[in-house]
Amino acid sequence: MMTTGPEEDLPTLIARQDHLNILRYIRAHKLREPRTVVTHGELLLGVISDDETKNDNDDDDDGPSVTIPRRQRGIGNAERLAALEQICVASLDLGNLPLAEACLDAIQAGTSSNSLVSKESSRYRKLLGMCLEASGDYDGASAVYDRLLQDNPSNGYASKRKYCILAAQPGKETEAMQALNDYLSKHSGDIAAWNKMAEACLATSDFQGAAYCYEEVILGCPLDSSIHAKLGEVYCTAGGMANAKLARKHLAQAVQLDPNNLRAWYGLIAAAEGYLEEVERLSGKGRKEAEEEGVEVAKELIKFGGEKLMQVYKGTDMMNIVERMLKQSSELL
């Protein structure tokens, strides 16, 4: 029977100082524990830093150097490669570029015939691209990802990193949005990317675009109260009768999913007020239909939301402020 990792839990492995299985456990459970990975990875591979050997009178300003022995007893090539990759990424998380570069060199140590992986492998070039990014060499990193995309145009990792490179540089917001749009055209199931695109649309006041993106996010996580609240706010800000109805719908869903989501309660009151204001702008048959359809519902939502907020803030310093706000809302009733 195959297992996905050590049977013991992580605290037990750490207490036992089982460095190899600590790294295996973190990989198997997809944990992000960079400090733990670096600490036990260095002990596993016998990493030597010049901080351990440098004399107090040493005035060398070339920066810290790190040495990783080529062989460790009891560790095969596959396990060594996995550990080096893991330590490389973890060290980048911690901003330890010398250690990351040492891991990269250790992967390529020896001749081309006996190195752990080829320099042309996507596995190596992914790490190389991340190290170049961390060093600030965005052009070099982008060139690496371009070559990965030439080899495989559907490489989602490389497309995403190209967006990240552009997003990290001030003044390249338009190019970053285009790169993210290109990524989403091939990887439409990436919820995190849709969320990023929604934020980018909001930054440029593209409310319809942001609403579309949040609708895609909701397809992936329909029970997330905060996403429903954000989508409701976007519709409320966009304005218009149709958007006011959609805002009310999603904010009502948000408070149903999480009754303690105060942001959604405030938004629900604002959306109901917005609906009433839109009705006031109508005339004739359109206004009559709107009044029959949802005016009373909107008024009840304002009352209901106000009662909820009064309960939450009762006896607190915020009580008077909330009362004044709700008094303004009640003038619409």
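Refer to the preceding data block for the structure.
As the structure is a computational prediction, the values presented were derived from the model and not from experiment. Counting from 1, residues in each chain are numbered in the order their sequence is written. For this predicted model, a pLDDT threshold of at least 70 governs which residues receive local features, and a threshold of 80 or more governs which side-chain atom pairs are given and counted, while totals over whole chains, interfaces and linings are taken from all residues. Where side-chain values are given, they derive from all heavy atoms of the structure, hydrogens and water being excluded.

## Things to note about the overall build of the protein
Which entries qualify depends on this criterion: Strands are runs of DSSP state E lasting at least 2 residues, helices are runs of H or I lasting at least 4, and numbering of each runs from the N terminus. Three labels apply to residues, based on accessible area from a 1.4 Å probe with only protein chains included: buried if under 20% of the type maximum, exposed if over 50%, partly exposed otherwise in between. We call two residues in contact whenever any of their non-hydrogen atoms come within 4.5 Å of each other. Surface accessibility in these figures is a Shrake-Rupley result with a 1.4 Å probe; residues are shielded only by whichever protein chains are displayed.
Looking only at helices and strands, the protein features 17 helices and two strands. Burial analysis of the protein (333 residues in total) assigns 42% to the buried set. Put simply, 46% of the contacts in the protein that link residues at least 6 apart link residues at least 24 apart. As displayed, the protein offers around 18900 Å² of accessible surface, 50% of which is attributable to carbon and sulfur atoms.

## Examining the pattern of salt bridges
Note the threshold: What makes a salt bridge here is a side-chain nitrogen of Lys or Arg within 4 Å of a carboxyl oxygen of Asp or Glu, nothing more.
A complete count under the given rule lists 14 salt bridges for this structure. Counted as one network, the salt bridges with shared partners bring together Glu8, Arg16 and Asp18.

## Structural notes on helix H8 (residues 138–151)
Each α-helix turn comprises 3.6 residues. Residues three or four places apart therefore point the same way. Test applied: Here, expected helix span is obtained from the residue count minus one, scaled by 1.5 Å.
Taking 1.5 Å of rise per residue, 14 residues should cover 20 Å, and H8 covers 20 Å from first to last C-alpha, within 8% of that figure. Elements in contact with the buried residues of H8: helix H7 (122–134) and helix H9 (156–167).

## Quick word on the side chain of glutamate 278
With respect to the helices and strands, the residue glutamate 278 is situated in helix H15 (residues 262–281). Since its relative accessible area comes to 17%, glutamate 278 is described here as buried. Setting aside its immediate chain neighbours within four residues, glutamate 278 contacts Gly239, Gly240, Met241 and Ala244.

## Topic: the environment of alanine 238
Along the chain, the position of alanine 238 falls in helix H13 (residues 225–238). When its relative accessible area of 32% is taken as the criterion, alanine 238 is described as partly exposed.

## Section: unusual backbone geometry
Of note, the phi angle at glutamine 17 is positive, near 55°, even though the residue is not glycine. A residue is classified by how much of its surface remains accessible, and glutamine 17, at 42% relative accessible area, is partly exposed. The phi dihedral of serine 205 falls on the positive side, at around 60°, and the residue is not glycine. The residue serine 205 is located in the loop between helix H11 (191–203) and helix H12 (207–220) in this model.

## Overview of the packing of aromatic side chains
Using the following cut-off: By convention, a stacked pair of Phe, Tyr or Trp rings (six-membered ring in the case of Trp) has centres within 6.5 Å and planes under 30 degrees apart, an edge-to-face pair has planes over 60 apart, and any other such pair is tilted. Cation placement over rings: the criterion is NZ of Lys or CZ of Arg within 6 Å of the ring centroid and within 35° of the ring normal.
On inspection of all chains with the given rule, the structure shows three aromatic pairs. Ring geometry for tryptophan 194 and tyrosine 212: centres 5.8 Å apart, planes at 65°, overall edge-to-face. Residue tryptophan 194 is found in helix H11, and its partner tyrosine 212 is found in helix H12; the two are separated by 18 residues along the sequence. One Lys or Arg, lysine 126, reaches over the ring of tyrosine 157 and ends 5.1 Å from the middle of that ring. In this structure, arginine 248 packs its charged tip against the face of tyrosine 275, placed 4.6 Å from the ring centre.

## Examining the environment of leucine 94
Note on placement: leucine 94 falls in the loop between helix H5 (77–93) and helix H6 (97–107). In the structure, leucine 94 is positioned 60 residues away from proline 34 in sequence and 6.8 Å away in space, judged by C-alpha atoms. For leucine 94, the residues in contact, after removing those within four places along its chain, are Pro34, Arg35 and Val38.

Purely geometric numbers; function is a separate question.
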